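Working through the structure, step by step
If you want the building blocks of each chain, they are given just below.
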Amino acid sequence: MQSGSLYRVVYMSTAVGVLRAEELDRIYLRAKSANAGAGVTGLMLFYEGVFLQVLEGPAAGVMSLMEKIRRDRRHSGIAVLESGPAESRAFESSPMHFVAARNLSPGEKQAFSDLRKAVAVRPAMAGEHGLSDFLAAFAAVRPA
Ligand SMILES: Cc1cc2nc3c(=O)[nH]c(=O)nc-3n(C[C@H](O)[C@H](O)[C@H](O)COP(=O)(O)O)c2cc1C
């Protein structure tokens, strides 16, 4: 794929109600299979009722997926932290790399909470709250 056609979206959102483990599994399994077919890769974190997802792939595919995700009633309050062309994939090894809360280190949990608070106040400023450094820590595949 030419680098010019690569697009990335990063957003945070809040689960509606208490999201059961099986519902989370369903979202993840669906994402894994559908994204693989669409050439989309990315990351999903879920901690204390908050999602952080990275989607990267062909622009049209990422945008149409994002439209679907926006309409999904299992979450709300979607705050887009980053959206635009990308030079390369950060999560090329997985159609949806899921990192469960129990596999987040104490430092990552703190960083996630800090990011969530910063986003609640000023979503557009997320980039200045260490978003790329935070995400870089997840680029290496680790056990779900
Ligand atoms: C937080 C969250 C992340 C999701 N991520 C993806 C994803 O990466 N890929 C995907 O196909 N569906 C994802 N979904 C599910 C979509 O919102 C939608 O339910 C799914 O694409 C099925 O759409 P369709 O049956 O209308 O085609 C996600 C849902 C939620 C709540």
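Before any of the text, the structure's been laid out above.
Residues numbered from 1 in each chain as written. Predicted model: local features only at pLDDT ≥ 70, side-chain atom pairs only at ≥ 80, totals over all residues.

Some details on the site of the ligand
Around the ligand sit 16 residues, and of these Ala-31, Ala-34, Phe-51, Asp-72 and Arg-74 come closest. Elements with a contribution of two residues or more to the shell around the ligand: α1 (21–38), β3 (50–58) and α2 (59–71). With five residues, the top contributor of residues to the shell around the ligand is α1. (Near = placed C-beta within 6 Å. Helix = DSSP H or I, 4+ residues; strand = E, 2+ residues; numbered from the N terminus.)

Examining unusual backbone geometry
Unlike most non-glycine residues, Glu-48 shows phi in positive territory, near 50°. When the 11 C-beta atoms within 10 Å are taken as the criterion, Glu-48 is described as exposed. (Buried ≥ 20, exposed ≤ 12 C-beta atoms within 10 Å, placed from the backbone.)

Focus on the nonpolar core
In terms of nonpolar packing, the biggest core is built from 27 residues, with Val-10, Met-12, Leu-43, Met-44, Leu-45 and Leu-81 touching the most fellow members. Elements represented by at least two residues in this core include exactly β1 (6–15), α1, β2 (41–47), β3, β5 (97–99) and α3 (106–121). (Core = buried A, V, L, I, M, F, W, Y, C linked by C-beta atoms within 7 Å.)

Observations regarding the environment of Phe-51
Here Phe-51 lies in strand β3. Phe-51 sits in the buried class, given 21 other C-beta atoms within 10 Å. Residues Phe-51 and His-75, spaced 24 residues apart in sequence, show a C-alpha to C-alpha distance of 8.5 Å. When residues no more than four places from it in sequence are discounted, the contact partners of Phe-51 are Met-12, Ser-13, Ala-15, Met-44, Phe-46 and His-75. (Contact = placed C-beta atoms within 7 Å.)

With respect to the pairing of β1
Burial analysis of β1 places seven of its ten residues in the buried class, which makes it a mostly covered element. When β1 meets β3, the two strands line up antiparallel, connected through nine bridges. The residue bridging Val-10 from the neighbouring strand is Val-54, located in β3. Sheet topology note: the β1/strand β4 (residues 75–85) ladder contains eight bridges and is antiparallel. Among the inter-strand pairings, Tyr-11 is bridged to a residue of β4, identified as Val-80. (Pairing = 2+ DSSP bridges.)

Brief notes about the sheet that holds β5
If you walk across this open sheet you meet the five strands as β4-β1-β3-β2-β5, and the pairing is mixed. Of all strands in the sheet, those with a lone pairing partner are β4 and β5, marking the two edges. Strand-to-strand, the axes of this sheet are offset by a mean angle of 15°, without reference to chain direction. (Axes fitted to C-alpha atoms, helices over the stretch in contact; angles between N-to-C directions.)

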